[in-house]
Amino acid sequence: MVPHFAYIGPGAGFAFFGSFLTLAAGLCMSIFSILAWPFRMARRALLNRRSFRKARVKKIIFLGLDGLDSRLTERMMAEGKLPNLASLAAEGSYRRLRTTFPALSPVAWSTFATGVSPARHNIFDFLDRSLKTYQPRLSSARVGRPKRVLRLGRFRIPLSRPVLELRRKSQPFWTILGKLGIGSTILRVPITFPPEKFDGKMLSAMATPDLKGTQGSFSLFTTRIEKASYENGSRYPLRRAAEDFEGEIEGPADMCVEGSPILRIPFRMLRRGSAFELRIEGSQCKLEPGVYTSWQHLNFRTAIGVKVSGTARFLLTETEPECSVYMSPINIDPEHPALPISHPPYYAKYLANLLGSFATVGMAEDTWALNEGVIDEDAFLDQAYSIFEEREAMFLDALESTRRGVVACVFDTSDRIQHMFYRHMGASDRHANVIEEMYRRMDALVAKARTFVDSGTALFVLSDHGFCAFRRGVNINSWLRDNGYLYLQNGGRESASFFEGVDWSRTRAYALGLSGFYLNIQDREARGVVRSGREAEELKHEIAAKLSALRDADGATPIRTVYETASLYRGPYLEAAPDFIVGYNEGYRCSWESAVGKITAEVLADNPKAWSGDHCVDPVLVPGVLFSNRKIDAADPGIEDLAPTALNLFGVEPPAWMEGKALL
Amino acid sequence: MTTSIKLKNDLLKRVAKVAAAEGYSSAEEFVEHVLEREIAKLEDAQSDEEIARKLKGLGYID
C-alpha cells in the first residue's frame with residue numbers, strides 16, 4: 001500500500017515511561033490498595049446486595065459469532081447440522097437480528113455495546129476522513145506521540161504518555177452496570193481499544209495495533225529476493241550461510257533517538273534434517289515445514305536500553321530449492337504490553353500467565369497473507385482456529401469464574417473464514433466444506449457455553465451481520481468522475497490512492513471507506529464547493545437517483561438502494577457520517593480501490609482476491625442471528641436492543657438516550 | 001486522565017438539557033464534542049504518510 005515509514009506509534013516511548021514513573025506510581029498504588037482492601041470489599045458486598053435486588057437474572061452471557069449468516073444458519077439447522085443452536089432455538093428463541101446501516105462490524109458492535117445508532121456513537125465505517133486533507137483515518141481509535149519529550153543530545157525521552165483515544169462515543173451498557181456495582185467481563189468485543197475504565201475486566205479487540213503501529217502487517221523472509229519490499233506485508237531477504245539461513249526481523253522504530261531508526265533483531269535457522277532450529281536472541285524453537293511455532297517473544301532494545309516486547313509466530317512455507325519463512329504481525333506482548341490492551345492493565349498478563357500467550361492485534365487472522373499468496377488456505381485455517389482456541393479458553397475461564405454479572409465474548413473466526421472461503425462454497429474443491437465445518441464448530445462452542453447456563457442465566461448467541469458473495473467491485477469515485485461530480489487535475493482520468501491529483505475546486509462528491517460517500521461541502525471540508533442547504537439537498541437527490549440506475553455489463557443492478565444517511569438516523573455525530581450509504585446488491589461491494597480514494601479507468605471490475613465473501617452490502621440483505629434461552633416476543637429485534645435488554649434484566653431502567661428497546 | 005472544568009450552574013443546567021435532547025449520554029460528552037469540533041478547526045492535521053501507514057494490514061482495504 002505504502003512504503004514503510006519510521007514507526008510513529010508510541011511503543012518504545014510508552015515502554016520507557018512505563019518502566020520508571022509508572023513503576024513508582026504502581027508501587028504506591030499497590031500499598032494503598034492492600035491497605036484499603038477490607039474497606040473496598042465491605043463496600044462492594046453492600047453495593048452488590050443493593051445492585052441485584054431488582055435483577056431478574058444473576059448472569060447474562062453474550063456469545064458473539066461475528067458474521068454468522070442467518071440464511072446459512074437456518075439452512076444448516078434445517079439439515080440437522082447445528083443441533084445445539086437448534087436446541088437453543090427450541091428451548092427459547094431464534095430471530096433474525098437487524099443490523100446497522102452500514103452492516104460493518106465496528107459499527108454494529110458499537111451499537112450492541114451502547115444501544116444507540118451510529119449517529120450517537122460516532123462509528124460509521126472502519127475509516128473516517130480528515131476534513132482538512134481528505135485523508136483516511138481509522139475511525140475508532142487515535143494513537144499519537146507523547147506530548148512532552150525531553151531532548152538530551154540525540155536522545156528523545158518521553159515525559160508523558162502517548163495520546164490514546166477511543167473515538168466511540170456514548171456509554172456501553174457494561175459501564176452503566178458497573179456504576180451500579182454489577183461487574184462484567186468483556187472479551188474481544190470490537191471497538192474497545194484503548195480499553196476504558198469500568199467496574200469489570202476487558203480485553204481489547206478490533207483497532208488494537210501491532211507493535212509497528214499498523215493494523216497487522218506480516219513479514220516474509222525468503223531466498224527469492226535480495227532487497228526488502230513492502231506491500232501490505234513486508235518481504236525481506238533470507239541469506240544462505242552454508243547449510244543454514246539468517247535474516248533480520250524489523251520491529252518498531254526507536255522513538256527515543258534522533259531519526260527514529262527501525263529496531264531490528266537478527267535470527268538464524270540451523271538445519272536439522274528436514275526441519276530447522278530457529279534461534280532468536282537467546283531462545284530457540286523447532287521450525288518444521290507447514291507447522292506454526294508457538295508465540296515467540298521478540299524483545300527490541302531502544303537506544304536508551306528500554307525493552308519493547310512483541311510476540312510472533314513463524315511458519316516455514318518452503319524449503320527446497322528456495323526457502324521462505326512467514327512471520328505473523330508482531331503482536332503487542334500481553335505479558336509486557338507496550339500499549340494498554342486490557343482493563344485492568346494486569347488482566348492481559350493474567351490471561352497470558354494462565355492460558356499462554358495469545359494474539360492481541362485487532363484483526364488477528366492474517367487475511368492479507370492469504371490474499372497475497374504468502375500462506376495457503378490450510379495455513380490460514382490453522383492460524384484462524386488456533387486464535388479461536390485461544391479465545392475459547394479465555395471465554396471458558398470467564399464463564400468458570402463469573403457467578404454474577406455479564407460475560408460477553410466475540411469470536412471473529414466465523415467472519416474471517418467466510419471472507420476468505422466464500423468462493424469455495426458450492427465448488428467441488430477440497431475447501432468446499434470449510435464454511436460448513438466452521439458453522440459446526442461454532443455450534444459446538446454454543447454447547448460448551450450452555451453448560452454454564454442455569455435458571456438464573458440469560459444466554460444470547462448473536463452475530464452482527466450476515467454474509468454475501470463479493471464477485472464484483474464498484475468504484476464509486478470512478479462513477480463520480482464519469483458523471484461530472486469528481487475531477488482530476490489536468491484532465492486526468494485515473495489517480496493513485498488517497499485522492500492524489502484530485503481537483504477539489506471542481507469536485508462535488510468523493511468516496512472513502514466501505515460504506516458510502518460524501519459531498520464536498522463548503523465550510524465543512526477544507527476545500528468544499530457545495531453550499532449546504534438547498535444546493536446540497538438537490539445534489540443529493542440527483543446523485544442518488546443517477547447512481548441507483550447504474551448497470552453492469554450483463555444488465556445486473558449493482559446497487560439496490562442509495563440511502564441518504566440523514567434519513568436513517570438522528571444524533572449529534574451525524575455530521576461525521578458519509579452523506580450517502582450505498583446499499584450494494586448481493587455479489588457486489590465497494591471496490592478495493594474506491595475504499596482508499598483511488599480512481600480507476602473502469603467503474604466495475606472483478607474481485608480477484610481470495611477475500612471473496614463480504615457483508616458491505618445493503619444491510620437489509622445481511623441480517624445477523626439472535627438465539628436466546630429466553631422467549632423473545634419482538635418480531636423484528638435489532639442489534640441496538642441488546643444493551644437495553646441487558647440493563648432491563650438487571651432491573652436497571654435503560655437511559656433515555658438509548659434508542660434500542662428491551663427484548664425481555 | 002481527566003481534569004475538571006468549572007461551569008456556572010445555570011450554564012450546566014442548559015448544557016444538560018441540550019445534551020439529553022440531542023442524544024448525548026452525558027453533559028460531559030456534549031461539552032467534549034463541542035470543544036473537540038472547535039479545536040479541530042484550529043489544529044494541524046497529521047501527516048498523510050502517518051495516516052496511511054497506520055491503516056496498513058486492515059483486511060477490508062488494499
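Scroll up for the structure.
Because the structure is a prediction, the values reported are computed rather than measured.

Asks: Account for the overall build of chain B, with residues named and values stated.
Replies: Of the regular secondary structure elements, chain B holds three helices and zero strands. Computed over the C-alpha atoms, the radius of gyration of chain B is 17 Å, more than 25% above the 11 Å expected from 2.2 N^0.38 for a compact globule of 62 residues. Expressed as lengths along the three principal axes of its C-alpha atoms, the size of chain B is roughly 50 × 25 × 25 Å. A total of 62 residues make up chain B; the buried ones form 24% of that total.

Asks: Provide a residue-level description of the overall build of chain A, including the pertinent values.
Replies: Along chain A, the regular secondary structure elements total 15 helices and 35 strands. The C-alpha radius of gyration of chain A comes to 25 Å, within 12% of the 26 Å expected for a compact globule of 664 residues. Taking the principal axes of the C-alpha coordinates as reference, chain A spans close to 70 × 65 × 55 Å. Evaluated residue by residue, chain A yields a buried proportion of 53% over its 664 residues. Taking contacts inside chain A between residues at least 6 apart in sequence as the whole, the part at least 24 apart equals 66%.

Asks: Break down the environment of Gly492(A) for me, with residues and values.
Replies: Position of Gly492(A) among the secondary structure elements: in the loop between helix 12 (476-482) and strand 28 (509-511). For the pair formed by Gly492(A) and Leu35(A), sequence separation is 457 residues and the distance between their alpha carbons is 70 Å.

Asks: Would you mind going over the sheet that holds strand 21 (residues 314-318) of chain A in detail, with residue names and values included?
Replies: Residue and element names in this part refer to chain A. Taken together, the five strands give an open sheet; going across it, the order is 12-13-11-22-21, and neighbouring strands pair in mixed fashion. At either margin of the open sheet sits one strand with a lone partner, and together these are strand 12 (229-230) and strand 21. For strand 21 and strand 22 (residues 324-327), the ladder comprises four bridges, and the chain directions are antiparallel. Bridging from a neighbouring strand, Leu315 pairs with Tyr326 of strand 22.

Asks: Tell me about the sheet that holds strand 15 (residues 244-253) of chain A, residues and numbers included.
Replies: Residues and elements named next belong to chain A. Spatial ordering of the open sheet is given by 14-15-16-17-18, a layout of five strands whose pairing is antiparallel. Edge strands, defined here as strands with exactly one partner in the open sheet, are strand 14 (239-241) and strand 18 (283-287). Between one strand axis and the next, the sheet turns through 30° on average, direction left out of account. Here strand 14 pairs with strand 15 via three bridges, running antiparallel. Counted as the bridge partner of Arg239 is Glu246 from strand 15.

Asks: Before we move on, could you go through the interface of chain B and chain A and cite the residues and values that matter?
Replies: Facing the 23 residues of chain B at the interface are 36 residues of chain A. Counting residues per element, the side of chain B that touches chain A draws most heavily on helix 3 (residues 48-55) of chain B, which supplies eight residues. Here the side of chain B that touches chain A is composed, by residue class, of nine nonpolar, five polar and nine charged.

Asks: Now, about unusual backbone geometry: what can you tell me, with residues and values included?
Replies: Residue and element names in this part refer to chain A. Here the residue pair Phe193 and Pro194 is connected by a cis peptide bond, since its omega of -10° sits within 30 degrees of zero. Counting through the fold element by element, Pro194 comes out in the loop between strand 9 (184-187) and strand 10 (200-203). The step from His343 to Pro344 runs through a cis peptide bond, and the omega angle for that step is -10°. Structurally, Pro344 can be placed in the loop between strand 24 (342-343) and helix 7 (346-355). Positive phi is not limited to glycine here, since Asn490 has a value of about 55°. Inspection of the secondary structure assignment puts Asn490 in the loop between helix 12 and strand 28.

Asks: How would you sum up the pairing of strand 29 (residues 516-519) of chain A? Please name residues and give values.
Replies: Residues and elements named next belong to chain A. With three bridges connecting them, strand 28 and strand 29 associate as antiparallel partners. In the sheet register, Ala511 faces strand 29, and the bridge partner there is Phe517. The loop that links strand 28 with its antiparallel partner strand 29 comprises four residues; one of these, Gly513, has a positive phi angle of about 85°.

Asks: How would you explain the nonpolar core if you had to name every residue and give the values?
Replies: All names here are of chain A. Judged by nonpolar contacts, the single largest core of 186 residues is most densely connected at Ile61, Tyr326, Cys409, Phe460, Ala509, Tyr510 and Ala646. At eight residues, the largest contribution of residues to this core is made by helix 9 (residues 377-401). Setting aside residues up to four positions removed in sequence, Tyr510 forms contacts with Tyr134, Asn477, Leu480, Leu486, Phe499, Phe517, Tyr518, Asn520 and Gly597.

Rules of the game
- Residues numbered from 1 in each chain as written.
- Chains lettered and ligands numbered in written order.
- Predicted model: local features only at pLDDT ≥ 70, side-chain atom pairs only at ≥ 80, totals over all residues.
- Helix = DSSP H or I, 4+ residues; strand = E, 2+ residues; numbered from the N terminus.
- Rg over C-alpha atoms; globule rule 2.2 N^0.38 Å.
- Buried ≥ 20, exposed ≤ 12 C-beta atoms within 10 Å, placed from the backbone.
- Contact = placed C-beta atoms within 7 Å.
- Pairing = 2+ DSSP bridges.
- Axes fitted to C-alpha atoms, helices over the stretch in contact; angles between N-to-C directions.
- Nonpolar A, V, L, I, M, F, W, Y, C, P; charged D, E, K, R; others polar.
- Core = buried A, V, L, I, M, F, W, Y, C linked by C-beta atoms within 7 Å.

So yeah, pure geometry; function would need other evidence.
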